[in-house]
Protein chains: 2
Amino acid sequence: MTDTRSTPPAGGDAPAATPDRRSPVTLSDVARASGVSLATASRAVNGSARKVRPDLHARVLAAAAQLGYTANGPAQAMARGRTSVLGLVVQDIADPYFSTMAAGVVRGAEQRGLVVTIGTTGRDPAKEAQHVAALRGQRASAVVVVGSRTDDAAVQARLAEEVAAFEASGGRAVLVSQESLPVDTLVVENEQGAEALARALTERGHERFAVLAGPPGLLTARDRLAGFRAGAAAGGGRVVDDLVLHGDFTRDGGHAAMHRLLDAGFDRGCVLAVNDVMAVGAMAALRERGVDLPGAVAVAGFDDISTLRDVTPALTTVRLPLQEIGERAVELLLDEEGGGPRTVRVRGEVVLRASTPDLRRG
Amino acid sequence: MTDTRSTPPAGGDAPAATPDRRSPVTLSDVARASGVSLATASRAVNGSARKVRPDLHARVLAAAAQLGYTANGPAQAMARGRTSVLGLVVQDIADPYFSTMAAGVVRGAEQRGLVVTIGTTGRDPAKEAQHVAALRGQRASAVVVVGSRTDDAAVQARLAEEVAAFEASGGRAVLVSQESLPVDTLVVENEQGAEALARALTERGHERFAVLAGPPGLLTARDRLAGFRAGAAAGGGRVVDDLVLHGDFTRDGGHAAMHRLLDAGFDRGCVLAVNDVMAVGAMAALRERGVDLPGAVAVAGFDDISTLRDVTPALTTVRLPLQEIGERAVELLLDEEGGGPRTVRVRGEVVLRASTPDLRRG
DNA sequence: CTGTTAGCGCCTTCAA
DNA sequence: TTGAAGGCGCTAACAG
């Protein structure tokens, strides 16, 4: 097995940097080729403190390039006790909410030389903990878990435990969601955003609201509903309890919920879908049923997914800086912490569009 | 990987599986605790051939669970000479085309116990090679590069070289794109799909076509244009050369190109945007200019991005099984190869919708 | 079937 | 500064 494969010790010119050789060149190949010790080669190719004589340094680098040397990641990771991996855990990477955030995370990570791995839960909150555990095994140096917390205490406890273990093992973690666990968290101000949205809507003359509310256990959905309710009341309108329907946080969820709403006799008013994807599904349902949109029924969403900015009528929503959130999560990760768990709040911005016409102006 | 987290083996209560201990427990801890050798522990926790006496096996597993043992990924990778990482390289993970495919890849990978890392090129083809090189350094066991090849020979050569090096080092690689490099490739039949689309359109009575063609160097865009051109001609229609405009492969690219088209006097006919995202941008431009859509100008796209299925008028397009493509890429990766580079072809399916009305039926 | 014994490739004290 | 030597945690021949 042991098969010293270093290229024929120079002599001539040829070999060039053809990296296509089986069994990759190692650091000792480089060391040998440049006539220095393994340690020096290591320091030259990647020594934290620069303490290698310039000419040697250059010589080693040249040899490395010439041989086509590439550090063996796992070996480095093992020696250092840590990889440069940032694990990202999301529910569904095909969902624009998550993929946009992921883009931000990837962007931030690549800038800092981190590799990002991605794990998906398929909307099963219990899998978050599993992924974090796996990431700990991989010796990832950081993890960011994006996704609404749920009201399932056991699941949350398990996640908290795994995150704690992850941090105890020397990694950094940040959650993007609600402020519910003792970890650095990037909190999206769902409640405030929804409240502002409701106020804006009442100012436009809307008074009677229905809500397509997402899964009952999802805190994100719940917060949006609560905020919206408060805002509506404050603005003189009201969310009709019988018109609050739950459904999946997806396009189909919104679609189905809207149909049920229509079936229940709803035919006039403004409906908030707790996210844009659901809102689009709701709009499709409205169209299918021949309802005048936005004349009879107005619709508002949440998130301001960019791919959805061109639907008609243009969707009123609360813009969340998704990509930026991803980038900030990475920053948070890398900042040195100064004590207890930090919380960074991100707020959304109400964007009024044609799907919720101004009733008082005509 | 082995995440045997069974509850503490009963018996006593005590230590529990608090994994919060600094300096993780290692395999030798487990071996010691269960009174077997390191090798046996290794085999029990994860020996390919099952050759450990049942009682010992159980004992080891119990100890592992009790101590909260998690294998050290990098160490395993180093010992084995390979990680269980599948590197995915895409242009932009926020783009639904890629994120949907990524979802498929992640799905397939997770099922097989592979971790997927994601690298993005930000539309710079040269970065594909860099990512593949990095992946080789990480000893990834597989890589899938998704994205159109370009006509830049140097860039392609570099990619070919890196992929070859990657494979030479023992990894498996597959490309999703055109059939242009000597590597296993999942070819998306863009030309055929576009041709079929054009034919279907001519059958609906459309004759005069404009094309928002994407970046000039992109093979995907080029193939779609070529196929469309051929199909139009075959159906008795024609793509007007002056009405073929290039633009980014993005929503804004389509938006801008459509404005230019309108500026150039175009006001009647059917326009093909070489992908759905561009088509949506084009539709927005049409709306902004008050053009009757689809009355005066009809629009067709390509991909059938699911998030875009609810735009109005509903977009005629060519459906590509994006998620499935991702899954199949993973399958291809894991199949044993039987010789030279294999090619798997995936075709799209024309989906006629309201954005391209049937002119002959009224 | 189990235990012993080498490394895997690199980083990092510890001397020189 | 540089070199020599030990070890990271695990797997994989080899014997027993």
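Residues numbered from 1 in each chain as written. Chains lettered and ligands numbered in written order. Predicted model: local features only at pLDDT ≥ 70, side-chain atom pairs only at ≥ 80, totals over all residues. Heavy atoms only, no water.

Caption draft 1: Seen up close, the overall build of chain A. Across its full length, chain A carries 12 helices and 12 strands. A globule of 362 residues ought to have a C-alpha radius of gyration of about 21 Å, yet chain A, at 27 Å, is considerably larger. Along the first, second and third principal axes, the C-alpha atoms of chain A reach 85 × 40 × 35 Å. Here chain A holds 362 residues, and 54% of them are scored as buried. Looking at chain A alone, contacts between residues at least 24 apart form 75% of all its contacts between residues at least 6 apart. Carbon and sulfur atoms provide 50% of the accessible area of chain A, an area that totals close to 15000 Å². (Helix = DSSP H or I, 4+ residues; strand = E, 2+ residues; numbered from the N terminus. Rg over C-alpha atoms; globule rule 2.2 N^0.38 Å. Buried < 20%, exposed > 50% of the residue type's maximum accessible area, 1.4 Å probe, protein only. Contact = heavy atoms within 4.5 Å. Areas by Shrake-Rupley, 256 points an atom, 1.4 Å probe, with all protein chains shown as cover.)

Caption draft 2: Examining helix α9 (residues 219–234) of chain B more closely. All names here are of chain B. In a regular helix each residue adds 1.5 Å, so 16 residues correspond to 22 Å; α9 covers 22 Å between its end C-alpha atoms and thus fits that length. Within α9, the full set of buried residues consists of Leu219, Thr220, Ala221, Arg224, Leu225, Gly227, Phe228, Gly231 and Ala232. Against α5 (96–111), α8 (190–203), β6 (208–212), β7 (238–245) and β8 (269–273) lie the buried residues of α9. Once α9 ends, the next one or two residues include Gly236, with phi positive near 90°. (Expected span 1.5 Å × (residues − 1).)

Caption draft 3: Broad picture of the sheet that holds strand β9 (residues 297–300) of chain B. All names here are of chain B. Spatial strand order, β7-β6-β8-β9: 4 strands in an open sheet with parallel pairing. Unpaired on one side and paired on the other, β7 and β9 mark the two borders of the sheet. Ignoring which end each strand starts from, the neighbouring axes of this sheet average 30° apart. Lying on the sheet, helix α11 (residues 276–288) is in contact with β6, β8 and β9; it crosses β9 at an angle near 160°. (Pairing = 2+ DSSP bridges. Axes fitted to C-alpha atoms, helices over the stretch in contact; angles between N-to-C directions.)

Caption draft 4: Geometry of the protein's contact with DNA strand D. Taken together, 25 residues lie near DNA strand D, and Thr40(A), Arg43(A), Leu27(B), Ser42(B) and Tyr69(B) sit nearest. Taking all atoms of DNA strand D within 4 Å of the protein, the share assigned to sugar and phosphate is 63%. In the model, a base nitrogen of DNA strand D is placed 2.8 Å from a nitrogen or oxygen of the Arg43(A) side chain. Looking at the surface near DNA strand D, its residues break down into 13 nonpolar, 7 polar and 5 charged. (Near = heavy atom within 4 Å. Polar contact = N/O pair within 3.5 Å; in protein donor to acceptor, adjacent residues only side chain to side chain. Nonpolar A, V, L, I, M, F, W, Y, C, P; charged D, E, K, R; others polar.)

Caption draft 5: Highlighting the pattern of salt bridges. All names here are of chain A. Under the definition given, this model contains 42 salt bridges over all chains. Arg309 is the salt-bridge partner of Asp304, the closest N and O atoms lying 3.0 Å from each other. For Asp304, a relative accessible area of 3% puts it in the buried group. Residue classification places Arg309 among the partly exposed positions, given a relative accessible area of 35%. Residue Asp304 is joined to Arg353 by a salt bridge in which the shortest nitrogen-to-oxygen separation is 3.1 Å. In this pair, Asp304 is assigned in the loop between β9 (297–300) and β10 (317–319) and Arg353 in the segment after β12 (349–351), connecting sequence segments 49 residues apart. Classification of Arg353 by relative accessible area gives buried; the value is 17%. Here the salt bridges do not stand alone but share partners, grouping Asp304, Arg309, Arg319 and Arg353 into one network. (Salt bridge = Lys/Arg side-chain N within 4 Å of Asp/Glu carboxyl O.)

Caption draft 6: Highlighting the interface of chain A and chain B. Between chain A and chain B, the contact holds 50 residues from the first and 51 residues from the second. Regarding the contact of chain A and chain B, the summed buried area is about 4400 Å², with carbon and sulfur atoms giving 56% of it. Looking only at chain A, the three residues that lose the most surface to chain B are Pro74(A), Arg139(A) and Asp310(A), adding up to 14% of its buried area. For the pair chain A and chain B, the interface holds 2 salt bridges. Its salt-bridge partner being Arg251(B), residue Asp310(A) comes within 2.7 Å of it at the nearest N-O pair. Summed over the shared surface of chain A and chain B, the number is 13 residue pairs in polar contact (both at pLDDT 80 or more). The set of elements that each furnish at least two residues to the side of chain A that touches chain B consists of α4 (73–80), α5 (96–111), β2 (115–120), α6 (126–137), α7 (153–168) and α11 (276–288) of chain A. When the residues that make up the side of chain A that touches chain B are grouped by side-chain class, the tally is 23 nonpolar, 16 polar and 11 charged. Where β2(A) and strand β2 (residues 115–120) of chain B come together, 3 bridges link them in antiparallel fashion. Paired with Val116(A) across the two strands is Ile118(B), which belongs to β2(B). (Buried area = accessible area lost by both parts, 1.4 Å probe.)

Caption draft 7: Geometry of unusual backbone geometry. Pro294(A) follows Leu293(A) through a cis peptide bond whose omega is 5°. Here Pro294(A) is to be found in the loop between α11 and β9. A cis amide bond, omega -10°, links Thr312(B) with the succeeding residue Pro313(B). Secondary-structure assignment places Pro313(B) in the loop between β9 and β10 (317–319). Within the chain, Arg139(A) stands out as a residue other than glycine whose phi angle is a positive 60°. Position of Arg139(A) relative to the elements: it lies in the loop between α6 and β3 (142–146). You can call Arg139(A) buried: its relative accessible area is 10%.

Caption draft 8: Highlighting the nonpolar core. Ranked by size, the top nonpolar core spans 162 residues in total, and within it Phe228(A), Met258(A), Val299(A), Phe228(B), Met258(B) and Val299(B) carry the most contacts. Residues in contact with Phe228(A), not counting those within four places in the same chain, are Ala194(A), Glu195(A), Leu197(A), Ala198(A), Leu201(A), Phe209(A), Val211(A), Val239(A) and Leu272(A). Of all hydrophobic cores here, the second largest spans 16 residues; its members include Ala140(B), Phe166(B), Leu175(B) and Leu181(B). (Core = buried A, V, L, I, M, F, W, Y, C linked by side-chain atoms within 4.5 Å.)

Caption draft 9: Representation of the protein's contact with DNA strand C. Around DNA strand C, the structure places 25 residues, and the nearest of them are Leu27(A), Ser42(A), Tyr69(A), Thr40(B) and Arg43(B). Those atoms of DNA strand C that come within 4 Å of the protein belong to sugar or phosphate at a rate of 62%. Tyr69(A) has a polar side-chain atom sitting 2.5 Å from a phosphate oxygen of DNA strand C. The separation between a base nitrogen of DNA strand C and a polar side-chain atom of Arg43(B) is 2.7 Å.

Caption draft 10: Structural context of the confidence of the model for chain A. Averaged over all residues, the pLDDT of chain A is 91; the fraction at 70 or higher stands at 93%. Across residues 1–21 of chain A, where pLDDT falls below 50, the model places 16 contacts with residues more than four positions away in sequence or in other chains. (pLDDT = per-residue confidence, 0-100.)

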